[in-house]
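In case you want the letters, here they are:
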Amino acid sequence: MIFGKYINKYYLKYLFPLLLGIAALFVVDRVQLIVPELYRLTVNGLVYGQVEIDGVVRAFDMDILLDNICRPLLFVILSLVIGRFAWRICFFGSAVKMETDLRSVMFDRCKELSQQFYNENKVGSLMSLFTNDLETVQDCFGGGVLMTADAALLGVLAIYKMARMNVWLTLFALIPMILLGSVGTVVGKTMTKRWDERQEAFSKLSDFSQESFSGISVIKAFVRETKELMAFAWLNRHNEDANVSYVRVSVLLNILVTLFVESVVCIIFGYGGYLVHAGVFDVGRLIEFSGYFTSVVWPIMAVAELIDMRSRGKASLQRITDLIDTKVDVRDREDVLDIKEIKGDIEFRDLTFTYPGSDVPSLHNVSFKINAGESVGVIGKTGSGKTTVADLILRQYNVDDGMLFIDGYDVNKIPIKTLRDYSAYVPQDNFLFSDTIERNIAFAVDDYTDVQVREAASLAGVDGDISEFPEKYKTVLGERGVTVSGGQKQRISIARALMKDASIIIMDDAVSAVDTKTEDAILNALKNVRSGKTTIMIAHRVSTVEDMDKIIYVEDGTVTAVGTHEQLYEACESYRKTVELQRLEDERREDINA
Ligand code: ADP
């Protein structure tokens, strides 16, 4: 059994089935201990021709064989089958239910954790928590209760029966067991450490595999298969070493158990044989005594297995506890206001922002205002801070008080849910789910019609493409949308955002993979459908944003100019240079194409 703050409550929650399991186990153990008595009757009957039943010595005949040996044996077998079936259902069933509950708690925490957490923790490691570690904890829960209860019940019952037969023989037989308990505790600590190292190595291996599969096209394009294979081989070997190191200690524990058990057998037959010789015991009683000891062997094995299991379980539970205990850093504060709706005014007021864990601010002293309903372009070089602006508006990270205002309220006073309910986002990586195109587009809405999905797709300029797919809107996309092109992915992401019809929409480099004609069509459609709602378009190309109500020009984390295209062209030298450079590039491209 393992205990910890996230598992204790499940012992209470599943107390009834667990108690039922313990009751079934008690019956099984009790019944099991009838067998050595039957051994005694059989052996004494065969050796001496007479047996002692309820203090009366009787000649061994067919009636005794049938009534006192065979019939009870049938009863024992039947009870064992039913009892074992019952406790298996009770213990393992509760463990599976506990695993399901704990997995939900873990998933619940994972979905609350901020972007920063996912920047720092790799998917492979998280997956191994949800698979390997959770499975280990599940084993410990059901198997732990079973083994603890069994070791206690069968151990106590059998030792009681042994002690009633001969106290000294029982004490001699128990000495190696006490030694085993002490050695097991020490070995168990080493096993916890080794298991932790093993899980760590496995996490690294799954991180690497996950990343390699996701980036397989890059690996192939750069012909880095061999390098990847070598890196994988190294991690695989490390994983193997960690496994072997754990198994070594586990095997050592098993050898010790066998050694101690065998030494007890020697004691029983050595000292017991002497007792038979001295006339204290008859042969049948010695066999009965050794039968009880055989019953104690399983609890002893269970204790060894329990030490092994607990060691693994403790390490895995600690890793799960660390995940659930991870602080949710982006959350509503206590003084949050009861705001139910967002109109779409946005104001950055002398905002400086540094990503957690970084020393350099990504935005410094940024000030600008977007009125609800405006269409705004955010433009600047790569790494200038454009995505950071989007991240902050969507509250992916915390900002200090008095720096960012939405509808005139400090963003920290607005419930995060309200803010995100009224926002839509087209992220740079255009993540699509392995689901139908229809469900991807309608992802943010609960009730929708086919017509609405088609409308959103038309506005995003992807309806024509989808109509050519064999299953049209019911086409299932491969993992991360690999069966569609980059441009189609972008437009499906835009359709998903438009479907929400939010007060604020932010598109991060959303049209970079589409041709200029399609881009123009999308921008025109946006003008109509987004009229009166705030639209923020982050872009590299001036042509994407030049017709917008306002353009924000970002340079090295600062906003150097805000205004219309004409105003910026007049007033901001860097913007003017960008415009001219991009014009030259366009002309050169046209010349080449001509
Ligand atoms: P842009 O969108 O203009 O290309 P970003 O807003 O993504 O630029 O990045 C602005 C700066 O912030 C860059 O220097 C980038 O390296 C840094 N940055 C972005 N994300 C993080 C992060 N999660 N942690 C630390 N620094 C970051």
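Residues numbered from 1 in each chain as written. Predicted model: local features only at pLDDT ≥ 70, side-chain atom pairs only at ≥ 80, totals over all residues. Heavy atoms only, no water.

1. Details of the side chain of D101
With respect to the helices, strands and loops of the structure, D101 is situated in helix α4 (residues 62-112). Judged by relative accessible area, D101 falls into the buried class, the value being 18%. With residues up to four places along the chain from it excluded, the contact list for D101 reads Y10, K13 and Y14. (Helix = DSSP H or I, 4+ residues; strand = E, 2+ residues; numbered from the N terminus. Buried < 20%, exposed > 50% of the residue type's maximum accessible area, 1.4 Å probe, protein only. Contact = heavy atoms within 4.5 Å.)

2. Notes on the site of the ligand
Surveying the vicinity of the ligand reveals the residues N119, Y355, S362, K381, T382, G383, S384, G385, K386, T387, T388 and Y397. In the model, an oxygen atom of the ligand is placed 3.0 Å from a nitrogen or oxygen of the G385 main chain. Within the contact set of the ligand, an oxygen atom lies 2.5 Å away from a side-chain nitrogen or oxygen of T388. Against a free-state accessible area of 560 Å², the protein chains account for coverage of 64% of the ligand. Ranked by residue count, the leading element in the shell around the ligand is helix α11 (residues 386-393), at 3 residues. Split into classes, the residues belonging to the shell around the ligand amount to 2 nonpolar, 8 polar and 2 charged. (Near = heavy atom within 4 Å. Polar contact = N/O pair within 3.5 Å; in protein donor to acceptor, adjacent residues only side chain to side chain. Areas by Shrake-Rupley, 256 points an atom, 1.4 Å probe, with all protein chains shown as cover. Nonpolar A, V, L, I, M, F, W, Y, C, P; charged D, E, K, R; others polar.)

3. Description of the layout of surface pockets
In this structure, the second largest pocket spans a volume of roughly 730 Å³. Lining of the second largest pocket is provided by 25 residues; of these, E37, R40, E52, D54 and E288 occupy positions nearest its centre. Elements supplying a minimum of two residues to the lining of the second largest pocket: α3 (35-48), β1 (50-53), α4, α6 (123-165) and α10 (283-325). Counting residues per element, the lining of the second largest pocket draws most heavily on α3, which supplies 6 residues. Considering only residue class, the lining of the second largest pocket consists of 12 nonpolar, 3 polar and 10 charged. (1 Å grid on protein atoms, 1.4 Å probe; cavity = no way out; pocket = protein on both sides within 12 Å on 5 of 7 lines; lining within 4 Å. Points joined across faces, edges and corners; volume = space filled by probe spheres on them.)

4. Structural notes on the sheet that holds strand β6 (residues 404-406)
The strands that make up a sheet pair up through hydrogen bonds in the backbone, lying either parallel or antiparallel. Pairing is antiparallel in the open sheet, where 4 strands are placed in the order β4-β3-β6-β7. One side of each edge strand has no neighbouring strand; the edge strands of this open sheet are β4 (363-370) and β7 (409-410). The sheet contact formed by strand β3 (residues 346-353) and β6 spans 3 bridges and is antiparallel. Along β6, the bridge assignment pairs E347 with F405. Contacts from α11 reach β3, β4 and β6 within the one sheet, and its direction differs from that of β3 by about 115°. (Pairing = 2+ DSSP bridges. Axes fitted to C-alpha atoms, helices over the stretch in contact; angles between N-to-C directions.)

5. Here we look at the sheet that holds strand β11 (residues 550-555)
Reading across from one edge, β8-β9-β10-β5-β11-β12 is the order of the 6 strands in this open sheet, with mixed pairing throughout. Taken across any chain shown, the strands that pair with only one partner, and hence form the sheet edges, are β8 (423-426) and β12 (558-563). Strand-to-strand, the axes of this sheet are offset by a mean angle of 15°, without reference to chain direction. Where strand β5 (residues 375-380) meets strand β10 (residues 534-539), 5 bridges bridge the pair, whose relative direction is parallel.

6. What about unusual backbone geometry?
The backbone of D407 sits at a positive phi, close to 50°, despite the residue not being glycine. With a phi close to 45°, N430 is a non-glycine residue in the positive phi region. Turning to its location among the elements, N430 is positioned in the loop between β8 and α13 (437-441).

7. Some details on the pattern of salt bridges
The full count for this structure, using the stated rule, is 25 salt bridges. A salt bridge links K161 to E37; the shortest N-O distance between them is 2.9 Å. Residue K161 is found in helix α6, and its partner E37 is found in helix α3; the two are separated by 124 residues along the sequence. Since its relative accessible area comes to 17%, K161 is described here as buried. Looking at E37, the relative accessible area reads 27%, which means it is partly exposed. Salt bridges linked by common partners bring R333, D335, D401 and K413 together as one network. (Salt bridge = Lys/Arg side-chain N within 4 Å of Asp/Glu carboxyl O.)

8. Here's the deal with α6
Helix length check: α6 (43 residues) gives 60 Å between terminal C-alpha atoms against 63 Å at 1.5 Å per residue, within 8%. Along α6, the helix axis deviates most sharply at L129, where the bend reaches about 35°. (Expected span 1.5 Å × (residues − 1). Bend = angle between axes of the 7 residues up to and from the residue.)

9. Brief notes about helix α17 (residues 516-529)
Taking 1.5 Å of rise per residue, 14 residues should cover 20 Å, and α17 covers 20 Å from first to last C-alpha, within 8% of that figure. All buried positions along α17 are accounted for by T518, E519, I522, L523, A525 and L526. Angular distribution of buried residues about the axis of α17 spans 165°; they occupy a single face of the element. For α17, exposure combined with an orientation more than 90 degrees from the buried face picks out T516, K517 and N528. For α17, the secondary structure elements touched by its buried residues are α14 (450-459), α16 (486-500), β9 (504-508), β10 and α18 (542-545). (Arc of directions from axis to C-beta.)

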